[in-house]
Amino acid sequence: MRAMILKEFRELRRDRRTMAMIIVFPLLMLIIFGYAANFNVESIPTAILGPGAEQVAQQAPDLFDVTVVDSTGTSETAQTLLRDAEAQVAITTDTEPPTAFIDGSSLFAAGKAVGALGRLGDRITVDILFNPDLITSWVLVPALIGYILMFIGTVVTSIGLVRERENGTLEQLAVMPLSPVAVIVGKIAPYFILASIDMVIVTVLAMILFSIPFVGNVLLFGVGAAIFLFVVLGVGVLISTVSQTSGQAIQLAIFFLVPQILLSGMIFPIEAIPWGIRWLSYFMPLTYYTKISQGIMLRGAGLDSLWPAFVVLTVMAVFVFTGAVLRFRRDLTPHRVSEAPVQPEGAPA
Amino acid sequence: MTAPALEARSLTRRFRDNVAADDVTFQVDFGEVVGLLGANGAGKTTTIRILAGLLPPTSGQAFLLGSPPSRASRRRLGYVPQGLGLYGDLTVRENLAFAASAFGVEPATLIDPLAGASDRIVSNLPLGLQRQLSFVTALQHDPEVLILDEPTSGVGALAAARLWDRIRDESDKGVGVLVSTHSMQEARQCDRLLLMFDGRIVGRGTESDIVAGMTTVEVAADSWSDAFSVLANDGLLVTLNGTKARVIDLAPADVEAKLREHGIEADVQVVPSTIDERMASLSIRAPAWKEDGSLSRVFPTPAS
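### Some thoughts on the packing of helix 1 (residues 2-14) of chain A against helix 2 (residues 16-36) of chain A
All names here are of chain A. Close contact between helix 1 and helix 2 brings their axes to 5 Å; oriented N to C, the two are set at 95°. Between helix 1 and helix 2, the angle is such that the two are roughly perpendicular. Facing Leu12, Arg13 and Arg14 of helix 1, the residues of helix 2 in contact are Arg16, Thr18, Met19 and Ile22.

### Points about the sheet that holds strand 2 (residues 18-28) of chain B
All names here are of chain B. Here we have three strands laid out as an open sheet, ordered 2-1-4, and antiparallel in their pairing. Of all strands in the sheet, those bounded by a partner on one side alone are strand 2 and strand 4 (59-64). Across the sheet, the axes of successive neighbouring strands diverge by a mean angle of 20°, strand direction being ignored. In this sheet, strand 4 lies alongside strand 1 (residues 6-15) in antiparallel orientation, the contact comprising five bridges. Bridge pairing links Ala8 to Ala62 in strand 4. Along the sheet face, helix 1 (residues 44-51) touches strand 1, strand 2 and strand 4 and points at about 120° away from the line of strand 1.

### Focus: the interface of chain A and chain B
Taken together, the 27 residues of chain A in the interface contact 30 residues of chain B. Of the roughly 2400 Å² buried where chain A meets chain B, counting both sides, 58% is carbon and sulfur surface. Interface area lost by chain A to chain B is led by Glu171, Val175 and Pro177 of chain A, which between them contribute 26%. A salt bridge links Arg49 of chain B to Glu171 of chain A; the shortest N-O distance between them is 2.8 Å. One can count five residue pairs in polar contact (both at pLDDT 80 or more) joining chain A with chain B. Partitioned by chemical class, the residues of the side of chain A that touches chain B number 13 nonpolar, eight polar and six charged.

### Focus on the domain arrangement of chain A
All names here are of chain A. In terms of domain boundaries, chain A breaks down into domain 1 (2-36), domain 2 (44-129) and domain 3 (136-332). Of note, the centres of domain 2 and domain 3, computed from C-alpha atoms alone, are 35 Å apart. In this assembly, domain 2 packs against domain 3 so that about 830 Å² is buried in total across both faces, 58% of it on carbon and sulfur atoms. Considering only the surface of domain 2 that becomes buried against domain 3, Arg83, Ser105 and Leu107 emerge as the three largest contributors, covering 59% of it. Linking domain 2 with domain 3 are four residue pairs in polar contact (both at pLDDT 80 or more). For the side of domain 2 that touches domain 3, the elements supplying multiple residues, two or more each, are helix 4 (75-83) and helix 5 (107-118).

What counts and how
Residues numbered from 1 in each chain as written. Chains lettered and ligands numbered in written order. Predicted model: local features only at pLDDT ≥ 70, side-chain atom pairs only at ≥ 80, totals over all residues. Heavy atoms only, no water. Axes fitted to C-alpha atoms, helices over the stretch in contact; angles between N-to-C directions. Helix = DSSP H or I, 4+ residues; strand = E, 2+ residues; numbered from the N terminus. Parallel < 35°, antiparallel > 145°, perpendicular 65-115°, else oblique. Contact = heavy atoms within 4.5 Å. Pairing = 2+ DSSP bridges. Buried area = accessible area lost by both parts, 1.4 Å probe. Salt bridge = Lys/Arg side-chain N within 4 Å of Asp/Glu carboxyl O. Polar contact = N/O pair within 3.5 Å; in protein donor to acceptor, adjacent residues only side chain to side chain. Nonpolar A, V, L, I, M, F, W, Y, C, P; charged D, E, K, R; others polar. Domains from an automatic or database assignment.

Encoded structure:
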């Protein structure tokens, strides 16, 4: 038994990725969970609209971070601001009592706002838009669609590509008269199609089972999903180029997937995450897909307000996919290596 | 002048401080079968992968059909890798169809026993059939060059014989064939041999060219098993040929002396070595050569 234990430790010591999983990953999770796992929203972007808006803004409690003050605004303006995610609460003073419109798709901010405004009793009317009963599944499922796409795009795709290497068929592909681009596109197109079918099934099922509304533009939703798929498929190809085995590919995919669940706004509101960790959210594709899917499905948001998320995802898609293609191409069409004598390991350069 | 089917010019490939192929130079002409011979780790697969364009050389040049390996030249190449390169989850027919489609040709017509297994999943087939399929897949676009990396490894004698019949058929049609092997029986099927050791070509020509000048001591004793035990227990490399023990790397007088020490009378003869014995001899001497760097002096590479 002692020999077995020693053998296992020796193997682990040389398996850097597994060691990283054992040591680095728990630390990473501890830090991210410790900081990100925070449902407590301390500041809600708020718009005050209508006559006397400036006076009301001055009296607003600290919880409501007044970002828009417009004395000419109406309830329509309020709904537009919430739909475009420019505010999570919009109070109009043109009615008696004033009306507070709350964005129900920002679940935790809405819950906090309802609690705070509820204490005012009859002095204010509360109208929750987009998710009137503040149902968790309505907010979670649009993000979950992205997570499913991401799972297929990274885990399944990378395993599919690494399996070619493991079975020696990648070498066979390399000697066939196929261009690297044809190999890559031919390889990932089925995953793209399957992921798209999965997306449709999950979306329709979610609408049927959980009565989740789909108030926005279906085509825009599809375009957003397609761009996001390109990003995650590119990540899958990248993972495959640095993995020799399926196990290594899965390890790397986990490193990529898990932080996104925590930091993309899928579960924990991004606004509640301290800036020390929050900046990571803005490098994660799921953050932008969640904005797009929640915005379109629940709020009916259009390109005029969602374009920043589309632009960021497109830039990510271009960079990641190009990088993936170049790296994969290198595996298929080797270049001459350095003519310079190779230094033995550990020798001074 | 027609370019050779394959040509390696001073190919060298280093992996960190390990030289897997060291100044390898040879060519394969159309219509000939050249055997690349050597033990595991001799550098055969590295050389083959460079020639197929799957691995870049650190220095030197590889030519496939007269030009560096490219997508265009690989269209005329049939390649059977050691790992077969088949899709285990697809059927025989589907594997053939995929490769045929990639090369833009019609799938090959199968003959038995593969024809009878055409709808079977490849991973469920015996290794012999898988190797036959890999071979048929590599041939279905009528390549002008064949590179076969240990094509009969792990298959039975009958299946190996069938594969060699096909290889000979192809070379008779004018296809240049480079086949790596560590089987002496297969080596004898080749028109020409290249013996690799430690990344270098240390012998070339026919079997007799490669063992030229090298001898083995053959021992015929009344009790061959006692003679064998005595020599083997003394740490010598001994093989059996029928009831005769064969000892390499030792003078006949020394062999006689060792046997006499144990009271064994034997008839000791010096006979030409086999390629197996040549390779074994290389392996035994390698550590000392590596230390003093005299490999090139002990086995100067003959001119091609």
